[in-house]
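Residues per chain, in single letters:
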Amino acid sequence: TAAIDQITLTKASSWRHEREWRICAGDGFDPEAETELNRFSLDDVVAVIFGAKYPKGESEEMVRVASSHYPLAKWFRSSLSSTKFGLDLEPLEV
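Residues numbered from 1 in each chain as written. Predicted model: local features only at pLDDT ≥ 70, side-chain atom pairs only at ≥ 80, totals over all residues. Heavy atoms only, no water.

Asks: Could you give me a rundown of the sheet that holds strand β1 (residues 47-50), with the residues and numbers involved?
Replies: Judged by pairing direction, the sheet is mixed, and its three strands sit side by side in the order β1-β2-β3 without closing on themselves. Each edge of the sheet is formed by a strand with only one pairing partner; in this case those strands are β1 and β3 (87-91). With strand direction ignored, the average angle separating the axes of adjacent strands in the sheet is 30°. Summarising the sheet, strand β2 (residues 74-80) and β3 pair through five bridges and their orientation is antiparallel. When the sheet's bridge partners are listed, F76 is paired in β3 with P91. On top of the sheet, helix α2 (residues 56-66) reaches β1 and β2; it is set at about 170° to β2, its chief contact. (Pairing = 2+ DSSP bridges. Helix = DSSP H or I, 4+ residues; strand = E, 2+ residues; numbered from the N terminus. Axes fitted to C-alpha atoms, helices over the stretch in contact; angles between N-to-C directions. Contact = heavy atoms within 4.5 Å.)

Have a look at this one:
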């Protein structure tokens, strides 16, 4: 729906410098399809940031499994900042 697109595909103008791509799971372009794949080069993935509420154990496992597939990617876990309105990023070991 338009409301969901607005929430998931829009970001505040103060973050426009990030030039990010968002990969979202859901109904996608073909709601009737069981799965959808949008292909991109492995070199296109330069950073992966896990959200502040993403389970720590799962992010560590994801990095362990996926880092060999995305050799240029840097991996981070975000957390709510205690000193400012925003997020802090912690690099994850590969």
